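This is what each chain is made of:
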Amino acid sequence: MSQPLVASTPLSSVTPSTSLQTHQQWLEQAVQLARENRQQGGRPFAALLVRDGQLVASAVNGIHLDGDPTRHAELEALRKASQCGPLAGAIVYASGHPCPMCLGALVMNGIAAVYYAFDNADAAPFGFDSTAAYQKLGLPLAPQPLPLIKLSVSMTAADLYGSEPQSHDHE
């Protein structure tokens, strides 16, 4: 049996100046944005990029718009935020655990931490799971390349991803 892709990280070791409540609020906003994207025909993924407690960029998965497979929410947020200055030290709030492509971009741009709502196990029954991609690339997440923190949100994975199982790769 394979190892879990995410190990927990104590919140106090990530951003001591930001309260858990603030992280929770940002993450709830990302999940609501992801739900809206799904309701509008997109995939159920969204990301917010926050620096110094200020929203710099918000984005949703845009693959459905033009078929571009790189239009994942995290990458879209990075693209938008890069127009506003350096990204190092920013925090990303994502509806789902980042796929390998997104995680690589987050690490390369100096993102300090990622808070997310649903992991691969949550997403797998609905066809949104990047476990196979991590395994094919041989990318274990222990030790983690940056803090990846899963927080509970007010909706369930079924609320976000839909009750009908799908056949998709993550994002």
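A brief structural summary. (Residues numbered from 1 in each chain as written. Predicted model: local features only at pLDDT ≥ 70, side-chain atom pairs only at ≥ 80, totals over all residues. Heavy atoms only, no water.)

1. Some remarks on the overall build of the protein chain
Reasoning step 1: When helices and strands are counted, the protein chain shows seven helices and seven strands.
Reasoning step 2: Each helix and strand of the protein chain, ordered N terminal to C terminal, gives the series α-β-β-α-α-β-α-β-α-β-α-β-α-β.
Reasoning step 3: A burial count over the protein chain gives 47% of its 171 residues as buried.
Reasoning step 4: Put simply, 69% of the contacts in the protein chain that link residues at least 6 apart link residues at least 24 apart.
Reasoning step 5: As displayed, the protein chain has an accessible area near 8,300 Å², and 54% of this comes from carbon and sulfur atoms. (Helix = DSSP H or I, 4+ residues; strand = E, 2+ residues; numbered from the N terminus. Buried < 20%, exposed > 50% of the residue type's maximum accessible area, 1.4 Å probe, protein only. Contact = heavy atoms within 4.5 Å. Areas by Shrake-Rupley, 256 points an atom, 1.4 Å probe, with all protein chains shown as cover.)

2. Observations regarding the pairing of strand S4 (residues 113-118)
Reasoning step 1: Of all the six residues making up S4, six are buried; the element is thus mostly covered by neighbouring parts of the structure.
Reasoning step 2: Relative to S4, strand S3 (residues 91-96) is paired through five bridges, and the arrangement is parallel. Looking at the pairing, Ile-91 lines up with Ala-113 of S4.
Reasoning step 3: With helix H4 (residues 100-108) bridging S3 and the parallel S4, this β-α-β connection has right-handed handedness.
Reasoning step 4: With three bridges connecting them, S4 and strand S6 (residues 148-150) associate as parallel partners. In the strand pairing of S6, Val-114 is matched with Leu-148. (Pairing = 2+ DSSP bridges. Right-handed = clockwise from strand over helix to strand, strands pointing away.)

3. Thoughts on the sheet that holds strand S1 (residues 46-51)
Reasoning step 1: What the five strands build is an open sheet, ordered S2-S1-S3-S4-S6; its pairing is mixed. Edge positions in the sheet fall to strand S2 (54-60) and S6, since each of these pairs with one other strand and no more. When the angles between neighbouring strand axes are averaged without regard to direction, this sheet yields 20°. (Axes fitted to C-alpha atoms, helices over the stretch in contact; angles between N-to-C directions.)

4. Quick look at the pattern of salt bridges
Reasoning step 1: One pass over the structure, following the stated rule, counts five salt bridges.
Reasoning step 2: Salt-bridge contacts for Arg-79 lead to Glu-76; the nearest nitrogen and oxygen are separated by 2.5 Å. Separated by three residues within a single helix, Arg-79 and Glu-76 lie in helix H3 (residues 73-82), roughly one turn from each other.
Reasoning step 3: The exposure class assigned to Arg-79 is partly exposed, which follows from its relative accessible area of 39%. (Salt bridge = Lys/Arg side-chain N within 4 Å of Asp/Glu carboxyl O.)

5. Points about the packing of H3 against H4
Reasoning step 1: At a minimum axis distance of 8 Å, the contact between H3 and H4 shows a crossing angle of 30°. One finds that H3 runs roughly parallel with respect to H4. For the crossing formed where H3 meets H4, the hand is left-handed. Listed contacts from H4 to Glu-74, Leu-75 and Leu-78 of H3 are Met-101, Cys-102, Ala-105 and Leu-106.
Reasoning step 2: In terms of residue class, the contact of H3 with H4 is built from six nonpolar, no polar and one charged. (Parallel < 35°, antiparallel > 145°, perpendicular 65-115°, else oblique. Left-handed = near helix turned anticlockwise from the far one by under 90°. Nonpolar A, V, L, I, M, F, W, Y, C, P; charged D, E, K, R; others polar.)

6. A look at the nonpolar core
Reasoning step 1: In terms of nonpolar packing, the biggest core is built from 50 residues, with Leu-49, Leu-78, Val-92, Tyr-93, Ile-111, Phe-118 and Tyr-161 touching the most fellow members.
Reasoning step 2: Ignoring anything within four residues of it in the chain, the contact list for Ile-111 reads Leu-49, Leu-78, Leu-87, Ala-90, Ile-91, Val-92, Leu-106 and Leu-146. (Core = buried A, V, L, I, M, F, W, Y, C linked by side-chain atoms within 4.5 Å.)

7. Quick look at unusual backbone geometry
Reasoning step 1: In this structure, Asp-52 is a non-glycine residue whose phi angle is positive, near 55°.
Reasoning step 2: Along the chain, Asp-52 falls in the loop between S1 and S2.

8. Structural notes on the packing of aromatic side chains
Reasoning step 1: Here the structure, examined in full by the defined rule, presents seven aromatic pairs.
Reasoning step 2: Arranged with centres 5.3 Å apart and planes meeting at 80°, the rings of Phe-45 and Phe-128 form a pair that is edge-to-face. One end of the pair, Phe-45, is in the loop between helix H1 (20-39) and S1; the other, Phe-128, is in strand S5 (residues 128-129), and 83 residues separate them in sequence. Of the two residues, Phe-45 and Phe-128, both sit in the buried class.
Reasoning step 3: Grouping aromatic residues by their ring pairs yields a cluster made of Phe-45, Phe-118, Phe-126, Phe-128 and Tyr-161. (Phe/Tyr/Trp six-rings, centres within 6.5 Å; stacked < 30°, edge-to-face > 60°.)

Geometric values such as these leave the question of function open.
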